[in-house]
Amino acid sequence: MSKETKGLSRRDFLKGAAAGSMSVAALGALGGCASSNGTESSAAETTVVAGGTYDVMSQFATTGRNQTEGVVAPTTPEEFITMKGDGKLQFAPGGAPLGITPADFMLNVPAWLGTAPDLGEPAGTEECDILVIGAGNAGSTAALRAQEMGKTVFLAESQTYDEYDEYACDMACYNSKLFLDKGTPEIDPLDIMNEYVRKALGHCNWKIVRDYAFRSGEMLDWMVEKYIPADYTVNYAKTSNYKGNDNFSGECAGQKSFRGMTQWRDADTNINMWPFVIRSLHSAIEELGGQMKWGYQAVKLVQDADGAVTGAIFKDIDGAYQQINAKAVIVAAGGYGGNADMRLDLSDSMRSLTWAYGNDRTDPTTLGGMGRDGSGIRMIMWTGGTMEGGPRAGMSIGINGAPGFAFGGAWPCFGPQGKRIMNESMCKFGSNGYLDTFPAGQLLVNVTDANWESYLSYQGYGHETMDRSADYMVEVVRANMAAYKTGADGFPVRSFARFGNESSTVYAAETLDELADLVGYTGETKTNFLAEVARYNELCAAGRDEDWGCDPQNLFPITTAPFFANFGTTGGIPFNGLVMLSGVNTDDYYRCTKGDKSVIPGLYAAGNTCGNRYGIQYATPTAGNSCAYALTTGYVAGECAANDLM
Amino acid sequence: MIDGNSGAKRPILMKLAIPFCVKKCDFCTRDAIEGWDTKRMHAYMEALQKEILVNAEQFSDCEVTAIHLGGGIASNATGQDVSDTMRLIRQHYTVAEDAPITMRAAICNISGASMPFFKRAGVTRYDFEMMSLDPVSYFKLNKRDSLGDFPVICDHFLHSYTNDTLGLVLAVGYEGVRDIDFRRSVNDAARGRMSHLIVQRCEGDSVVSETEIDTQLASAREVLTSYGFAEYAPLRFAKPGYEDRYTLGRASGMETLAFGLGAKTRMDGAISTNTSDLATYLAASDDFSQITFSVEPVAV
Ligand SMILES: Cc1cc2nc3c(=O)[nH]c(=O)nc-3n(C[C@H](O)[C@H](O)[C@H](O)COP(=O)(O)OP(=O)(O)OC[C@H]3O[C@@H](n4cnc5c(N)ncnc54)[C@H](O)[C@@H]3O)c2cc1C
């Protein structure tokens, strides 16, 4: 970039204009855009990109209607059987070529993928055995595990040491000593594996799911016993059986839910401590002889003539390129939730939901995502890797479509007509699609009463209830609820529908009639609401929800004042979740594969870069499984890479 | 001496016009580059960097005491582009060490991909254009962000429980948004971790009467005052000590160096206005004579 000014500078003009010695017309004389009459072509013009030209609807509407001679429908069962059994295949006529060219709807190389950049000669080159890209959850365990197994490991991270931040806090690991020693019952890992596979509708790599079910507890104990300072674990690892749900049966509406979440928080401030605690793993890597490469942003992988991956090239914080050669590379650079273009193309299920509201199909901001930039996935694909098939999971859960709501069905939910609309104990498993069939702006109201806390003890361990993940948080919620205020302004309760340090507004009333007014039920909907609460209370007394099948253990009447509600509406922008959970295809040992399922030698993926874990939608048999899954895949992938080099 | 200025150089403000808006809201008349186009946004940020660089030596007698990134939703630019731009400014201009950097932003742009770079850029204040926090009116006023994301962004990315980075923009006067909806929105904002708030008057066809706006504003002022906010400039509210230095500077007539599409520099007694033609700007942002639309003495 040049610093040279062309002709007169802005400052010269400013001074000249102020002194009256230089006119705007002089600019025109220089060939500038100023016009002496002070007019100009209007505002910023948008570049219009020509789209496809094919009109699907007009073509489709005329295809195959009464156009095939000799095709007659059967009128009797005998004729039907004869026609089906005559050995002739009958085709619907249709099939006229649609004349679509790939440019109309599908590109072989998606625009977000592009091609690997040509970077020229790097400023420096270093060597190691195993190079891990990304010092998040998966990368940190991958690097430490491989280093511990005797390999020389470099862990490269695009953030600098000072900038470094991580976002997860809840961590679901099964059968760890940390839990078992506190009396948490052991869980059959096969149950865990099967539940996750079931939630993925089988659209997953079973071995990777199995690793998580069987080895996440081992991984947690490994970190805690060997590398995390004991006082950090004592002070910050809250394992108090998530949400105090002592009465929960272990299964809800046919879905299993397991204990095992550790939440890394400081009790005094409620601050998420994991971004700090994870640094103990980085220190351990260095103590064992590995290296942290902070401020190293991987730009592309290096391949030899046979296609094996032999390193990567990084941009350092000064903008210089650095190469690191390695015998194996593990990419753990997170997902693509923070890359708007990839999100629009790959996040197919959430994209369809936002489109279903008629939102602009070219606007990726209407399907938000908070993860990383997808660079890990792109780099792998440039070497021949492939992306997991769709529909692809975003981290959306429960009744996320309704702003302001608790994640799932902690309380009975009343819809726009004042009536219940679903099995609330089921919706933690995903009801986005259902709520998105409602017109936008329809009221959804959660209601509970003075016994709210005892009801919670029957809730499971997923994201189906208000967040009171540890005892000290329960105290805060209790205090907030006890200090309730009636009236139209509501009152703040921490973690009622939000979590962490954020509070949400809850409305309180001494009668259900007043509560209905507060939340906005009027006229017929108010009558409906009051009748529906009475009906709900009858169902609770009977112990069976005839209407929607709510799990009997979650059927609690709304009878005792004060009554509480919070509400949201349908429509708007769906909650797409925190990260994207689909990634590249690998074999059972985290080795990246090509389209023909052959392995790309030397290349591994872990964490959200690695696909085939969640299938169609994120699920929370235990809250916090995303982070722990990443940690576990890293732990096992590090082991696999080290073993392959033995 | 203005806050943050060392005294040795002339204190000025700096504005970077990053006028991106994926879709204009029907209550906002801001002139912006519409549509999502990653390539075009990157090209624009490169052009902006060229303009910044080519002007640098001309302003070596000045010290920048506050920077504003706005003119649209500046956070639509990638974190990397924003941080590269800020690095360039720090390399080539004198920027006061404590100069606040305010960014007009949307929560849909905040992620693990952008946040590390916004941090690297040194952004100290975010004005999130949420427009509403009340679930009933939200979907009418914000067609870009998921309200469900808001607490996550505050808690996990801004760490707003300890930082004072969070600011909000809320819209007042939109037809169909009841007084109670607006009041609930303000209540939610005030109870949260926000340290400053801009109330934006709706414009266009779907606006309620002035009397209704006044009623809504009176209610907002009451709520905000009860939570310790003061109106330090018209429709700008902040907790004591969190007033926007850029806004205050503008109000007091401080000189402002502005770059980007349609940017207005006010300095040395004159105002120079950049072209608002994108093609011209992209083609010649490093040539003052090509991109300047007008230069006029400041009216006295
Ligand atoms: C706000 C938020 C809160 C969350 N809370 C929870 C929670 O409580 N529990 C839970 O289970 N899950 C949670 N998640 C999800 C969880 O954080 C992720 O699923 C998990 O961190 C994924 O781990 P990962 O190692 O794959 O990626 P990450 O942890 O994101 O790590 C990827 C790392 O790679 C680096 N990187 C990216 N690109 C490059 C590159 N090109 N070169 C070098 N480095 C690169 C990144 O800077 C980052 O450090 C949360 C997510 C978000 C956004």
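Since the structure is predicted, the reported quantities are computational estimates derived from the model, not experimental observations.

1. A short note on the overall build of chain A
Next, step 1: Scanning chain A for helices and strands turns up 22 helices and 18 strands.
Next, step 2: In chain A, which comprises 646 residues, the proportion classed as buried is 57%.
Next, step 3: Counting contacts in chain A only where the partners sit at least 6 residues apart, residues at least 24 apart contribute 73% of the total.
Next, step 4: Accessible surface, chain A: about 25700 Å² in total, of which carbon and sulfur atoms supply 53%.

2. Description of the interface of chain A and chain B
Next, step 1: Every contact between the two is made by 88 residues of chain A and, on the other side, 95 residues of chain B.
Next, step 2: For the pair chain A and chain B, the summed buried surface comes to about 7600 Å²; carbon and sulfur atoms form 54% of the total.
Next, step 3: Seen at the junction of chain A and chain B, the total is two salt bridges.
Next, step 4: As a salt-bridge pair, Arg120 of chain B and Glu163 of chain A come within 2.5 Å of each other at their nearest N and O atoms.
Next, step 5: If you look at where chain A meets chain B, you find 23 residue pairs in polar contact (both at pLDDT 80 or more).
Next, step 6: Going through the elements one at a time, helix 1 (10–19), helix 2 (24–29), helix 14 (340–346), strand 14 (491–494), strand 15 (503–509) and strand 16 (563–569) of chain A are the ones with two or more residues in the side of chain A that touches chain B.
Next, step 7: When residues in the side of chain A that touches chain B are grouped by element, the largest group, eight residues, is from helix 1 of chain A.
Next, step 8: Partitioning the side of chain A that touches chain B into residue classes produces 34 nonpolar, 31 polar and 23 charged.

3. Concerning the pattern of salt bridges
Next, step 1: Counted under the stated rule, the structure contains 39 salt bridges over all chains.
Next, step 2: Between Arg420 of chain A and Glu424 of chain A there is a salt bridge; the shortest N-O distance is 2.8 Å.
Next, step 3: The partner of Arg125 of chain B in a salt bridge is Asp244 of chain B, and the shortest N-O contact between them spans 3.9 Å. Taken together, the residues Arg125 of chain B in strand 7 (residues 125–131) and Asp244 of chain B in the loop between strand 11 (236–238) and helix 8 (245–251) connect sequence positions 119 residues apart.

4. A word on the site of the ligand
Next, step 1: Around the ligand, a shell composed of 36 residues is seen, among which Glu157, Glu166, Asn608, Ser626 and Cys627 of chain A lie nearest.
Next, step 2: Near the ligand, the surrounding residues belong to chains A and B.
Next, step 3: Take Glu157 of chain A: an N or O atom from its side chain is 2.6 Å from an oxygen atom of the ligand.
Next, step 4: In this structure, Asn608 of chain A approaches the ligand through a main-chain N or O atom, which is 2.7 Å from an oxygen atom.
Next, step 5: Considered on its own, the ligand offers 990 Å² of accessible surface; in the complex 95% of this is hidden by protein.
Next, step 6: Going through the elements one at a time, helix 6 (137–148), strand 2 (153–157), strand 9 (297–303) and helix 22 (625–645) of chain A together with helix 5 (150–158) of chain B are the ones with two or more residues in the shell around the ligand.

5. Topic: the domain arrangement of chain A
Next, step 1: Taken domain by domain, chain A holds domain 1 (1–66 + 90–96), domain 2 (124–341 + 578–644) and domain 3 (413–569).
Next, step 2: Distance between the C-alpha centres of domain 2 of chain A and domain 3 of chain A: 35 Å.

6. Remarks on helix 2 (residues 79–92) of chain B
Helical geometry: 3.6 residues make up each α-helical turn, so side chains three or four residues apart lie on a common side.
Residues and elements named next belong to chain B.
Next, step 1: Here helix 2 contains 14 residues, and its C-alpha end-to-end distance of 20 Å stays within 8% of the 20 Å for a straight helix at 1.5 Å per residue.
Next, step 2: All of the buried residues in helix 2 are Gly79, Asp81, Val82, Ser83, Asp84, Thr85, Met86, Leu88 and Ile89.
Next, step 3: Where the residues of helix 2 are buried, they touch strand 1 (10–17), helix 1 (38–55), strand 4 (62–70), strand 5 (94–95), strand 6 (101–105) and helix 3 (115–121).

7. Observations regarding the confidence of the model for chain A
Residues and elements named next belong to chain A.
Next, step 1: Across chain A, the average pLDDT comes to 85, with 82% of residues at 70 or higher.
Next, step 2: Here residues 59–65 is a poorly scored stretch, pLDDT under 50, and it has seven contacts once near neighbours within four places are set aside; other chains count.
Next, step 3: Counted against residues more than four places away or in other chains, residues 398–404, with its pLDDT under 50, gives 31 contacts.

8. Points about unusual backbone geometry
Residues apart from glycine generally show negative phi values, whereas peptide bonds are mostly found in trans.
Residue and element names in this part refer to chain A.
Next, step 1: The linkage connecting Gly390 with the following residue, Pro391, adopts the cis geometry, with an omega of -5 degrees.
Next, step 2: Cis peptide bonds are those with omega within 30 degrees of zero, and the linkage from Ala561 to Pro562 qualifies with 0 degrees.
Next, step 3: In this structure, Pro562 sits in the loop between helix 21 (523–542) and strand 16.
Next, step 4: Located in the positive-phi region is Ala253, a residue other than glycine, with phi close to 45 degrees.

9. What to know about the domain arrangement of chain B
Residues and elements named next belong to chain B.
Next, step 1: Its domain assignment divides chain B into domain 1 (1–100 + 244–300) and domain 2 (128–239).
Next, step 2: Each of domain 1 and domain 2 was reduced to a C-alpha centroid, and the two centroids are 26 Å apart.
Next, step 3: Counting residues at the interface gives 10 residues for domain 1, matched by 15 residues for domain 2.
Next, step 4: Taken as a group, Asp26, Phe27 and Thr247 account for 51% of the area that domain 1 buries against domain 2, more than any other trio of residues on that side.
Next, step 5: One can count one salt bridge joining domain 1 with domain 2.
Next, step 6: Its salt-bridge partner being Arg30, residue Glu129 comes within 2.9 Å of it at the nearest N-O pair.
Next, step 7: Linking domain 1 to domain 2 there are six residue pairs in polar contact (both at pLDDT 80 or more).

10. Some words on the nonpolar core
Next, step 1: Judged by nonpolar contacts, the single largest core of 106 residues is most densely connected at Leu131, Ile133, Met171, Met223 and Leu301 of chain A.
Next, step 2: Per-element tally for this core: the top contributor is helix 22 of chain A, with 11 residues.
Next, step 3: Of all hydrophobic cores here, the second largest spans 89 residues; its members include Ile101, Ala121, Leu133 and Ala258 of chain B.

11. With respect to the packing of helix 20 (residues 512–519) of chain A against helix 21 of chain A
Think of two packed helices as two axes; the pair is described by the angle between the axes and how far apart they sit.
Residue and element names in this part refer to chain A.
Next, step 1: Relative to each other, helix 20 and helix 21 sit at 135 degrees, their axes nearing to 10 Å. By the criterion of interaxial angle, the relationship of helix 20 to helix 21 is oblique. The two elements helix 20 and helix 21 cross, and the hand of that crossing is right-handed. In contact with Leu512, Asp513, Ala516 and Asp517 of helix 20, helix 21 contributes Lys526, Phe529, Leu530 and Val533.
Next, step 2: Taken together, the residues of the contact of helix 20 with helix 21 sort by class into five nonpolar, no polar and three charged.

12. Some thoughts on helix 9 (residues 206–227) of chain A
Residue and element names in this part refer to chain A.
Next, step 1: Counted at 1.5 Å a residue, the expected span for helix 9 with its 22 residues is 32 Å, and the 29 Å between its end C-alpha atoms agrees.
Next, step 2: At Arg215, helix 9 shows its maximal kink, close to 55 degrees.
Next, step 3: Near the N-terminus of helix 9, the side chain that reaches the backbone nitrogen of Lys207, with its oxygen 2.9 Å away, is that of Asn205.

13. Section: the packing of aromatic side chains
Any pair of aromatic rings gets described here by the distance separating the centres and the angle formed by the planes.
Residue and element names in this part refer to chain A.
Next, step 1: This structure, assessed with the given rule, holds 31 aromatic pairs over all chains.
Next, step 2: When the centroid spacing of 6.2 Å and the interplanar angle of 45 degrees are considered together, the rings of Tyr232 and Tyr236 count as tilted. Highlighted residues: Tyr232 and Tyr236, both in helix 10 (residues 230–236), separated by four residues, approximately one helical turn.
Next, step 3: Residue classification places Tyr236 among the buried residues on the basis of a relative accessible area of 16%.
Next, step 4: In this structure an aromatic cluster arises from ring pairing among Tyr174, Tyr196, Tyr212, Phe258, Tyr614, Tyr618 and Tyr629.
Next, step 5: Lying across the ring of Phe154, Lys293 places its NZ or CZ 5.4 Å from the centre.

14. Here we look at the sheet that holds strand 3 (residues 170–172) of chain A
Within a beta sheet, neighbouring strands are joined by backbone hydrogen bonds and run either parallel or antiparallel to one another.
Next, step 1: Reading across the sheet, the three strands line up as 3-7-4 (chain A) and stay open at both edges, with antiparallel pairing between neighbours. Because the sheet does not close on itself, it has two edges, and the strands there are strand 3 and strand 4 (237–238) of chain A.

15. Focus on the pairing of strand 14 (residues 270–274) of chain B
All names here are of chain B.
Next, step 1: Among the five residues that make up strand 14, four are buried, leaving the element largely enclosed by the rest of the structure.
Next, step 2: When strand 13 (residues 264–267) meets strand 14, the two strands line up antiparallel, connected through four bridges. Within strand 14, the residue paired with Lys264 across the bridge is Thr273.
Next, step 3: Bridge analysis of strand 14 against strand 15 (residues 292–297) gives five bridges, and the strand direction is antiparallel.

16. Looking at the sheet that holds strand 15 of chain A
Next, step 1: Strand order in the open sheet formed by five strands is 12-13-16-15-14 (chain A), and the pairing between neighbours is antiparallel. The open sheet has two edge strands, strand 12 (413–414) and strand 14 of chain A, and neither has a second partner.
Next, step 2: Alignment of strand 13 (residues 443–448) of chain A against strand 16 of chain A, held across six bridges, turns out to be antiparallel. Counterpart to Thr448 of chain A in the pairing with strand 16 of chain A is Phe564 of chain A.
Next, step 3: Contacts between helix 6 (residues 179–191) of chain B and the sheet are confined to strand 14, strand 15 and strand 16 of chain A, with strand 15 of chain A contributing the most and set at about 125 degrees to the helix.

17. Quick notes on the packing of helix 6 of chain A against helix 13 (residues 279–287) of chain A
All names here are of chain A.
Next, step 1: Orientation of helix 6 relative to helix 13, taken along the N-to-C sense of each, is 30 degrees, at an axis distance of 9 Å. On the basis of the axis angle, helix 6 is roughly parallel to helix 13. Viewed along their axes, helix 6 and helix 13 form a crossing whose handedness is left-handed. Each of Ser140, Thr141, Ala143, Leu144 and Gln147 in helix 6 lies in contact with helix 13, whose residues at this interface are Leu281, His282, Ala284 and Ile285.
Next, step 2: Of the residues that constitute the contact of helix 6 with helix 13, the class distribution is five nonpolar, four polar and no charged.

About the criteria used
- The numbers attached to residues start from 1 for each chain and follow its sequence in the written order.
- In the order they appear in the text, chains get letters beginning with A and ligands get numbers beginning with 1.
- In keeping with the model being predicted, local features are shown solely for residues with a pLDDT of at least 70 and side-chain atom pairs are shown and tallied solely at 80 or more, while totals for entire chains, interfaces and linings include all residues.
- Values reported for side chains reflect all heavy atoms of the structure, with hydrogen atoms and water molecules removed beforehand.
- Secondary structure elements are taken from DSSP: a helix is a run of H or I of four residues or more, a strand is a run of E of two residues or more, and numbering for both begins at the N terminus.
- Buried, partly exposed and exposed residues are distinguished by accessible area as a fraction of the type maximum, computed with a 1.4 Å probe on protein chains only: under 20%, between the cut-offs, and over 50%, respectively.
- Contacts: residue pairs with any heavy atoms within 4.5 Å of one another.
- To be clear on the numbers: accessible area is Shrake-Rupley with a 1.4 Å probe, and residue cover counts the displayed protein chains and nothing else.
- Buried area: the sum, over both parts, of the accessible surface (1.4 Å probe) that disappears when the two are put together.
- Every case where a carboxyl oxygen of Asp or Glu lies within 4 Å of a side-chain nitrogen of Lys or Arg is listed as a salt bridge.
- Counting of polar contacts relies on pairs of N or O atoms within 3.5 Å, with two restrictions inside protein: one atom must be capable of donating a hydrogen and the other of accepting it, and residues adjacent in sequence are counted only when both atoms are side-chain atoms.
- In this count, Pro and Cys sit with the nonpolar residues alongside Ala, Val, Leu, Ile, Met, Phe, Trp and Tyr, while Asp, Glu, Lys and Arg are called charged and the others, Gly among them, polar.
- The near set for a molecule or strand comprises every residue that places at least one heavy atom within 4 Å of it.
- The split into domains, and so the bounds of each, comes from an automatic or database assignment of domains.
- By definition here, a helix of n residues has an expected span of 1.5 Å times n minus one.
- How sure the predictor is of each residue is captured by pLDDT, a score from 0 to 100.
- Take the buried residues of types Ala, Val, Leu, Ile, Met, Phe, Trp, Tyr and Cys, join any two whose side-chain atoms come within 4.5 Å, and each joined set is a nonpolar core.
- Only the contacting stretch of a helix is used when fitting its axis, a line to C-alpha atoms as for every element, and angles between N-to-C directions run 0 to 180 degrees.
- For classification, angles of less than 35 degrees are called roughly parallel, those exceeding 145 degrees roughly antiparallel, those between 65 and 115 degrees roughly perpendicular, and all remaining angles oblique.
- We call a crossing left-handed when the near helix sits turned anticlockwise from the far one by less than a right angle, and right-handed when that turn is clockwise.
- For a residue, the bend is simply the angle between two axes, fitted respectively to the seven-residue segment ending there and the seven-residue segment starting there.
- Two rings from Phe, Tyr or Trp (for Trp, the six-membered ring) form a pair when their centres are within 6.5 Å of each other. A pair whose planes differ by under 30 degrees is stacked, one over 60 is edge-to-face, and the rest are tilted.
- Charge-over-ring contacts are defined here by two conditions on Lys NZ or Arg CZ: a distance within 6 Å of the ring centre and an angle within 35 degrees of the ring normal.
- For two strands to count as paired, DSSP must find a minimum of two bridges between them.

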